[in-house]
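The lines below spell out each chain.
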Amino acid sequence: MPETHSNPLDDPSANPFEVAALAAADIARLSGVEKHDIALTLGSGWGKAADIIGETVATLPATEVTGFSKPALEGHVGTLRSIRTPDGKHVLVIGARTHYYESHGVRRVVHSVRTAAATGAKTMVLTNGAGGIRESWKPGQPVLISDHINLTADSPLEGATFIDLTDLYSKRLRDIARTVDPTLDEGVYCQFRGPHYETPAEVQMAKAIGGHIVGMSTALEAIAAREAGMEILGFSLITNLAAGIQQTPLSHAEVIEAGREAEPVISALLARVVEAL
Ligand code: 8IG
């Protein structure tokens with residue numbers, strides 16, 4: 001949908017699942033792939049994985065798919081790719097994340113996840129760049145998400161939709177990831193609204209309530225993925241230690257640079273994990 005047209009998700013009377021079904025139909029038509037098995041959202045630092053997972057069947061500008069918004073940030077690629085793995089699985093790679101801090105509403109944030117489910121995907125792999133609270137972690141290190149704390153005070157669920165979030169980040173899938181890399185550590189992801197990074201006091205709060213990772217994206221997406229019936233695997237690339245844990249100020253440029261350096265290693269890891277799913 002061209003940028004000059006309004007996004008159908010901005011109409012409060014629209015049914016977001018119907019918009020997601022339209023988006024899935026766009027993807028099927030434009031890619032020629034009727035059904036996808038796995039969906040993969042690539043956050044900062046993870047972009048190269050798409051090139052090594054398999055053969056790209058189609059690359060679609062997100063703006064051609066109903067309900068998708070233009071990426072707000074340089075370094076976030078606004079494309080959807082359909083990839084066929086060597087063993088014949090169809091992977092929908094989402095390089096067009098809409099962040100909660102863009103203030104377009106939570107429906108737009110989780111549209112890619114609902115679209116992935118509507119394409120048939122039963123597994124949702126969510127990746128992000130994030131800050132690390134554990135002092136033993138180093139920038140450039142990938143970690144598994146074991147659980148989350150949603151500090152946005154928002155939810156993608158509408159109405160009295162009560163969804164169980166026990167084992168939200170599937171133990172089964174984390175175990176599969178660890179068959180590929182047994183050294184993978186894991187932690188609890190705290191989603192803050194952003195786009196500012198935390199104050200050191202906020203990082204201490206996150207630590208005190210059981211958080212290990214601070215980020216701005218994944219919790220709301222995981223909730224929507226669970227609502228849609230998908231099994232979820234979450235990965236954070238620790239691009240920086242959280243504010244006050246590292247002694248120097250956080251800079252977006254450094255975050256991008258850490259992601260760039262780690263990219264070949266973590267992309268290879270992710271490709272092997274996807275193969276193992
Ligand atoms: I990359 O330190 C990245 N994303 N909230 N805090 C939050 N999000 C982040 C951070 C961080 N680093």
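In this text, all values refer to a predicted model and were calculated from it rather than measured experimentally.

## Here's the deal with the overall build of the chain
- Each helix and strand in the chain was counted, giving 8 helices and 9 strands.
- Here the chain has a C-alpha radius of gyration of 17 Å; the compact-globule value for 277 residues is 19 Å, and the two agree.
- Reported as C-alpha extents along the three principal axes, the dimensions of the chain are approximately 50 × 40 × 35 Å.
- Taking contacts inside the chain between residues at least 6 apart in sequence as the whole, the part at least 24 apart equals 82%.
- In the structure as shown, the chain presents an accessible area of about 11,700 Å², 55% of it carried by carbon and sulfur atoms.
- Side-chain charges in the chain split into 23 positive and 33 negative, and the spacing between the mean points of these groups amounts to 3 Å.

## What about helix H7 (residues 218–227)?
- Within H7, 9 of the 10 residues are buried, which leaves the element mostly enclosed by the surrounding structure.
- All of the buried residues in H7 are Thr218, Ala219, Leu220, Glu221, Ala222, Ile223, Ala224, Ala225 and Arg226.
- As for H7, its buried residues are in contact with helix H3 (106–109), helix H4 (111–118), strand E5 (123–132), strand E6 (141–150), strand E7 (185–191) and strand E9 (231–241).
- A positive phi of about 90° marks Gly229, the residue just after H7.

## Some details on the packing of aromatic side chains
- Scanning the entire structure with this criterion turns up 1 aromatic pair.
- Both rings, one in Trp46 and one in Phe235, keep their centres 5.4 Å apart while their planes meet at 40°; by these two values the pair is tilted. Separated by 189 residues along the polypeptide, Trp46 in the loop between strand E1 (38–41) and helix H2 (49–53) and Phe235 in strand E9 bring together distant segments of the chain.
- Among the residues examined, Trp46 registers a relative accessible area of 0% and is labelled buried.

## What about the site of the ligand?
- All residues adjacent to the ligand are Gly129, Ala130, Gly131, Tyr197, Glu198, Val214, Gly215, Met216, Thr239, Asn240, Leu250 and Val255.
- Gly131 places a polar main-chain atom, nitrogen or oxygen, 3.4 Å from a nitrogen atom of the ligand.
- With respect to the ligand, the backbone of Gly215 contributes an N or O atom lying 3.5 Å from a nitrogen atom.
- When the free accessible area of the ligand is taken as 330 Å², the share hidden by the protein chains comes to 95%.
- Among the elements of the structure, E5, strand E8 (213–215) and E9 are those that each provide at least two residues to the shell around the ligand.
- Ranked by the residues each element gives to the shell around the ligand, the list is headed by E5, at 3 residues.
- Residues of the shell around the ligand, tallied by class, amount to 6 nonpolar, 5 polar and 1 charged.

## Comments concerning the pattern of salt bridges
- Within this structure, the stated rule accounts for 16 salt bridges.
- The closest approach of N and O atoms between Arg107 and Glu158, which form a salt bridge, is 2.7 Å. Of this pair, Arg107 sits in helix H3 while Glu158 sits in the loop between E6 and helix H5 (171–180), and the two are 51 residues apart along the sequence.
- Assessed through its relative accessible area of 16%, Arg107 is described here as buried.

## Some remarks on the side chain of Ser146
- Relative to the assigned elements, Ser146 resides in strand E6.
- Under the relative-accessibility criterion, Ser146 is labelled buried at 19%.
- Residues contacting Ser146, with those up to four places away along its chain left out, are Tyr169, Arg174, Glu186, Gly187 and Val188.

## Some words on helix H1 (residues 16–31)
- The end-to-end C-alpha distance of H1 is 22 Å, a good match for the 22 Å that 16 residues give at a rise of 1.5 Å each.
- Of the positions making up H1, those classed as buried are Pro16, Val19, Ala20, Ala23, Ala24, Asp26, Ile27, Ala28 and Ser31.
- The inward-facing, buried residues of H1 contact strand E2 (55–61), strand E3 (79–84), strand E4 (90–94), H3 and H4.
- Of the residues flanking the start of H1, the one acting as N-cap is Asn15, its side-chain oxygen 2.7 Å from the backbone nitrogen of Phe17.
- Downstream of H1 by a residue or two, Gly32 has a phi angle that is positive, lying close to 75°.

## Re the nonpolar core
- Counting residues in hydrophobic clusters, the biggest one holds 46 residues, and the most contacted among them are Met124, Ile213 and Ile232.
- The element that contributes the greatest number of residues to this core is H7, accounting for 4 residues.
- Judged by nonpolar contacts, the second largest core, of 27 residues, contains Leu42, Ile83, Ile176 and Val274.

Rules used throughout
Residues numbered from 1 in each chain as written. Predicted model: local features only at pLDDT ≥ 70, side-chain atom pairs only at ≥ 80, totals over all residues. Heavy atoms only, no water. Helix = DSSP H or I, 4+ residues; strand = E, 2+ residues; numbered from the N terminus. Rg over C-alpha atoms; globule rule 2.2 N^0.38 Å. Contact = heavy atoms within 4.5 Å. Areas by Shrake-Rupley, 256 points an atom, 1.4 Å probe, with all protein chains shown as cover. Lys, Arg positive; Asp, Glu negative; His and termini not counted. Charge placed at Lys NZ, Arg CZ, Asp CG, Glu CD. Buried < 20%, exposed > 50% of the residue type's maximum accessible area, 1.4 Å probe, protein only. Phe/Tyr/Trp six-rings, centres within 6.5 Å; stacked < 30°, edge-to-face > 60°. Near = heavy atom within 4 Å. Polar contact = N/O pair within 3.5 Å; in protein donor to acceptor, adjacent residues only side chain to side chain. Nonpolar A, V, L, I, M, F, W, Y, C, P; charged D, E, K, R; others polar. Salt bridge = Lys/Arg side-chain N within 4 Å of Asp/Glu carboxyl O. Expected span 1.5 Å × (residues − 1). Core = buried A, V, L, I, M, F, W, Y, C linked by side-chain atoms within 4.5 Å.

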